[in-house]
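Summary of the model geometry
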Amino acid sequence: MRETVTMSATKAKTAAAADTTAATIETAADASIKGFEKSMAAVREGMEKATKGLETSQAKLKEGVEKAVKTSEEMLAFGQGNMEAFVKSAQIYAAGFQDLSKHLAATSKASIEDSVAFGKSLIGVKSVKEAVDLQTSYTKSAIEKAVTETNKLADASVKLAEQAVAPLAARLTLAVETFSKTR
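What this report covers is the structure whose coordinates are included nearby. (Residues numbered from 1 in each chain as written. Predicted model: local features only at pLDDT ≥ 70, side-chain atom pairs only at ≥ 80, totals over all residues. Heavy atoms only, no water.)

The secondary structure content of the protein amounts to 2 helices and 0 strands. Computed over its C-alpha atoms, the radius of gyration of the protein comes to 53 Å, more than 25% above the 16 Å expected for a compact globule of 183 residues. Viewed in the frame of its principal axes, the protein has a C-alpha envelope of about 185 × 25 × 15 Å. Among the 183 residues that make up the protein, the fraction classed as buried is 8%. Counting every atom, the protein has about 14800 Å² of accessible surface; 65% of that belongs to carbon and sulfur. Taken together, the 25 basic and 23 acidic charged side chains of the protein have centroids lying 1 Å from each other. (Helix = DSSP H or I, 4+ residues; strand = E, 2+ residues; numbered from the N terminus. Rg over C-alpha atoms; globule rule 2.2 N^0.38 Å. Buried < 20%, exposed > 50% of the residue type's maximum accessible area, 1.4 Å probe, protein only. Areas by Shrake-Rupley, 256 points an atom, 1.4 Å probe, with all protein chains shown as cover. Lys, Arg positive; Asp, Glu negative; His and termini not counted. Charge placed at Lys NZ, Arg CZ, Asp CG, Glu CD.)

This is how it looks when you write it as structure tokens:
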């Protein structure tokens, strides 16, 4: 019986120790699960913050790239407009210069023809007085024509310069308006 009591006491102690061990394991498991869940929640929260930060960075980067592309396109279009204005200006100048050259050639031809006619008429004079009168008349007429043609040429040159510069001046005005808005 003593053996039975001792065995019962040993069984009771073993059962109590098993219960304590089981309770300790259960408490440790619960604490471990709670700690793991907290760690997982912190990891999820960190991942969400990192994802949001990455999304924000990507959005800002995309916005920056879009602005850079838009600015590049605007600068390219503006440069193309400048080139077109330069070409138009050069075309106006070339056409105007050609017209001025034709006018100058025609004036020179008329002057040479007048000189030849004067020379022929000078050959047929009968007196010195007639030669002097003819010379005076020719010189006066030549000077008047030269002054008139010089004034026409100066006016045409000024008009040509204004027309040739107009496309470039328009681009300059546009540049001032465009770039003063961006400040």
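With that settled, the discussion passes to the side chain of Arg 171. On the secondary structure map, Arg 171 appears in helix H2 (residues 128-181). With residues up to four places along the chain from it excluded, the contact list for Arg 171 reads Ala 77, Phe 78, Gly 81, Asn 82 and Ala 85. (Contact = heavy atoms within 4.5 Å.)

Taken as a whole and judged by the stated rule, the model has 2 aromatic pairs. Judged by centre distance (5.9 Å) and plane angle (20 degrees), the rings of Tyr 93 and Phe 97 are stacked. Of this pair, Tyr 93 and Phe 97 are both found in helix H1 (residues 2-123), 4 residues apart, which corresponds to roughly one turn of the helix. Geometrically, the ring pair formed by Phe 118 and Tyr 138 is stacked, given 4.3 Å between the ring centres and 15 degrees between the ring planes. In this pair, Phe 118 is assigned in helix H1 and Tyr 138 in helix H2, connecting sequence segments 20 residues apart. A relative accessible area of 11% means that Phe 118 is categorised as buried. For Tyr 138, a relative accessible area of 23% translates into the label partly exposed. Directly above the aromatic system of Phe 78 lies the positively charged group of Arg 171, at a separation of 4.6 Å from the ring centroid. (Phe/Tyr/Trp six-rings, centres within 6.5 Å; stacked < 30°, edge-to-face > 60°. Lys NZ or Arg CZ within 6 Å of the ring centre and 35° of its normal.)

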